[in-house]
Amino acid sequence: MTVHIVEDDDGVRDALSELCRSVGRTVQVYPDSEAFASGAKVEPDDMVLVDIGLPGEPGTEVVRRVSKLPMPPKVIVISGLPLADIHHAMREFSNVLVMRKPLTSELLALLA
Amino acid sequence: MQGIRRPTLSEARLESVLETAPDGIIVMDEGARILVFNKACESLFGYNAAEVIGENVRILMPQAHHDNHDLYVQRYRATGERRIIGIGREVEGRRKDGSIFPLDLSVGEAQTPNGRQFIGVIRDLSARHETERRLASVQADLIRVTRVSALDEMGSVLAHELNQPLTAIMLYLQALEREVHRIQVTHSRLEPRASELLGKATREAQRAGSIIQRVRQLVEKRAPERKNANLNAVVDEALELAMLGRQRSVYLRRFGQMQLPGVLIDTVQIQQIVLNLTRNAIEACQREADPTVTVTTWAEGDIVCLSVADNGPGIPAERMRTLFNAFRSEAGTGMGIGLTISRAIAQNHMGELLVDPGGDGKGACFTVRLPAAVDTAAENRDSIAAMPMAAAAEADKS
Ligand SMILES: Nc1ncnc2c1ncn2[C@@H]1O[C@H](COP(=O)(O)OP(=O)(O)OP(=O)(O)O)[C@@H](O)[C@H]1O
Ligand SMILES: [Mg+2]
């Protein structure tokens, strides 16, 4: 299974992929939601990690796109936005896991 | 009214002209006695012409100026020194009901067969004063509000900017821990020092994380306020403020599409974006021969857009990569937080802030795109028939 990482911050994106690789995952990275839309090949047992605040289309577009797949993979939203803004952004997605930055070891648990 | 002659024919003709003039016109003789008091004056001062003709012009002034006026007239007659004649100035008038109002008075002088006469042209300034007062109070409000929200934004921008590298550090530490663990397992060799140091580093990173968390909690106490608003009105009000006192230094062009769909926004925050972008645009084009800032609003399907363009030099390619990063402004200019905050606000509204850097004789153009409110009530639509696309409402450029 592959972890797809959609994150605009270079440091965070690289660190996320390092961590995923350290637990033996293959990784695909995308700097924005448009790159994901045009380049991602997502399998049902993949995982998508997406930041909400992206330049251009917001990360919620990625969530929307993925959730429309016939067999949607697991999606984890990561965000450094204030809580109220996260709630506002995610109001139409009830079942998506959101993790706030900085990420602690919860992520590792999910990847294992 | 003794001492006043019957008007001659030419005076009668003159009077009919005076009666239709939009400005108040008063003619007085050398003794400051009122000879002519036109229709416009009647509505300005609340007196009928019959009540004031032959009276000293002082009755149209506040008590406090009476003595002064006598002095002015005497001095002018004695010395010919002009304080107001041919110059015009802002003075106070007094209505019949005793109320005082500001007026613009220009005085001309004419030699007539009946001696020297003075002609005063009067324009009521109360309306203008009222607008100025209102503008000043709106400005004070906005400065206060933006200062508070600037602090908030600053806090959240700082927290966010620090949070990103900290997130990366914590992830790297976790990856490193995995790596150390892997080495220990594969080489069945214990690395106690490495594990210990890693543990310390992780704890410190977590400490930094909790500080950021505290800052964030402080900032988040202020719940975001979202109102269904008309972007045109919000933008116009912000522009009014951005242009205060600048009318003469830049040319502001405003294009607005009528009937924009409503947007669900925190108006103060969106106005802060407009202020930031306009301020940047003005700074960028200041040195042009014909500095021009163009602000446009339009709708694209269910996205409502706002752009601020200028005719400055544009943004160099090497500047573009870090344009939206905080505190990277060129030395000597601002803090370099305007664009960071603006983009954060746009994103918090589920919108975006895009930039066309321009260059090659084209200025930069920033565009804010906001999702239209789902349920647009009719009252939130622009009902004013003014401002069709392409018909510019222009700030005066004198
Ligand atoms: N319209 C523009 N044309 C050219 N350069 C621009 C334009 N707008 C912004 N810039 C560049 O981007 C930089 C960052 O802008 P930003 O608004 O973030 O900060 P600032 O204006 O320097 O400071 P402040 O925090 O006071 O707003 C500016 O210093 C300027 O170099
Ligand atoms: Mg600025």
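Structure: see above.
To start, this report covers the structure provided alongside it. Quantities reported herein were computed from a predicted structural model and do not represent experimental measurements.

**Observations concerning the interface of chain A and chain B**
Contact residues are listed per partner, giving 33 residues for chain A and 26 residues for chain B. Here chain A meets chain B over a buried area of about 2,600 Å², counting both sides, of which 59% is carbon and sulfur. If you look at where chain A meets chain B, you find zero salt bridges. Our enumeration of links across chain A and chain B arrives at five residue pairs in polar contact (both at pLDDT 80 or more). Listed by contribution, the elements that provide at least two residues to the side of chain A that touches chain B are α1 (10–22), α4 (83–89) and α5 (106–111) of chain A. The element that contributes the greatest number of residues to the side of chain A that touches chain B is α1(A), accounting for nine residues. Class assignment for the residues of the side of chain A that touches chain B results in 16 nonpolar, eight polar and nine charged.

**What to know about the pattern of salt bridges**
Residue and element names in this part refer to chain A. A complete count under the given rule lists 19 salt bridges over all chains for this structure. Note that Lys101 and Asp51 form a salt bridge whose closest N and O atoms lie 3.5 Å from each other. With Lys101 in the loop between β5 (97–100) and α5 and Asp51 in strand β3 (residues 47–51), this residue pair connects regions lying 50 residues apart in the sequence. A relative accessible area of 1% places Lys101 in the buried class. Look at the salt bridges and you will find they share partners, linking Glu7, Asp51 and Lys101 into a network.

**What about helix α10 (residues 338–348) of chain B?**
Within an α-helix, residues lying three or four positions from one another point in the same direction, as the helix has 3.6 residues per turn. For α10(B), the tally of buried residues reaches 10 of 11 residues, placing the bulk of the element in the interior. Positive backbone phi, approximately 65°, marks B:Met350, located one or two places after α10(B).

**Side note on the nonpolar core**
Residue and element names in this part refer to chain B. If you look at the biggest cluster of nonpolar residues, it comprises 39 residues, and the most contacted ones within it are Leu231, Ile270, Leu277, Val293, Val295, Phe366 and Val368. For this core, the secondary structure elements donating two or more residues are α7 (231–243), β8 (263–265), α8 (267–285), β9 (292–300), β10 (303–310), α10 and β12 (365–371). A total of seven residues in this core trace back to one element, the largest contributor, which is α8. Not counting residues up to four positions away in its chain, the partners in contact with Phe366 are Leu277, Leu306, Ser307, Val308, Ile315, Leu323, Phe324, Leu339, Leu353, Leu354 and Val355. By size, the runner-up hydrophobic cluster in this structure holds 21 residues, among which are Ala32, Cys41, Ala49 and Leu103.

**So, the sheet that holds β3(A)**
All names here are of chain A. Taken together, five strands build an open sheet; the order of strands is β2-β1-β3-β4-β5 and the sheet is parallel. Two strands close off the open sheet at either side, each with one partner strand: β2 (26–30) and β5. Each adjacent strand pair in this sheet contributes to an overall mean axis angle of 20°, direction not counted. Docked against the sheet, α1 engages β1 (2–6), β2, β3 and β4 (74–79), running at close to 165° with respect to β2.

**Points about the sheet that holds strand β11 (residues 352–356) of chain B**
All names here are of chain B. Strand order in this open sheet of five strands is β7-β9-β10-β12-β11, and the pairing throughout is mixed. Each of the sheet's edge strands pairs with one partner strand only, and the pair in question is β7 (251–256) and β11. Between one strand axis and the next, the sheet turns by 15° as a mean value, whatever way the strands run. Lying on the sheet, α7 is in contact with β7, β9, β10 and β12; it crosses β7 at an angle near 175°. Running at roughly 25° to β10, α8 makes contact with β9, β10, β11 and β12 of the sheet.

What counts and what doesn't
- The residue count restarts for each chain, going from 1 along the sequence in the order it is written.
- Labels are handed out in written order, letters beginning with A for the chains and numbers beginning with 1 for the ligands.
- The model is predicted, so local features are restricted to residues of pLDDT at least 70 and side-chain atom pairs to those at 80 or more, both for listing and for counting; the totals for chains, interfaces and linings are taken over all residues.
- As a rule here, side-chain values cover all heavy atoms of the structure and leave hydrogens and water aside.
- The criterion used for residue contact is that any of the two residues' heavy atoms lie within 4.5 Å.
- Buried area, as used here, totals the accessible surface that two parts lose on assembly, with accessibility defined by a 1.4 Å probe and the loss added over both.
- Note on definitions: salt bridges are taken to be side-chain nitrogens of Lys or Arg within 4 Å of carboxyl oxygens of Asp or Glu.
- Pairs of N or O atoms within 3.5 Å make up the polar contacts considered here, provided that, within protein, one atom can donate a hydrogen while the other can accept it, and that residues adjacent in sequence are counted only when both atoms are side-chain atoms.
- To qualify as a helix, a DSSP run of H or I must reach at least 4 residues; to qualify as a strand, a run of E must reach at least 2; elements of each kind are numbered from the N terminus.
- Basically, the charged four are Asp, Glu, Lys and Arg, the nonpolar ten are Ala, Val, Leu, Ile, Met, Phe, Trp, Tyr, Cys and Pro, and anything else, Gly included, counts as polar.
- Think of it in three bands: residues with accessible area under 20% of the maximum for their type are buried, residues over 50% are exposed, and the middle band is partly exposed, with areas taken using a 1.4 Å probe on protein chains only.
- Only buried Ala, Val, Leu, Ile, Met, Phe, Trp, Tyr and Cys residues count toward a nonpolar core, and they belong to the same one when joined by side-chain atoms within 4.5 Å.
- Pairing between strands is defined by DSSP: at least two bridges between them are needed.
- Each axis is a line fitted through C-alpha atoms, taken for helices only over the stretch in contact, and angles between the N-to-C directions span 0 to 180 degrees.

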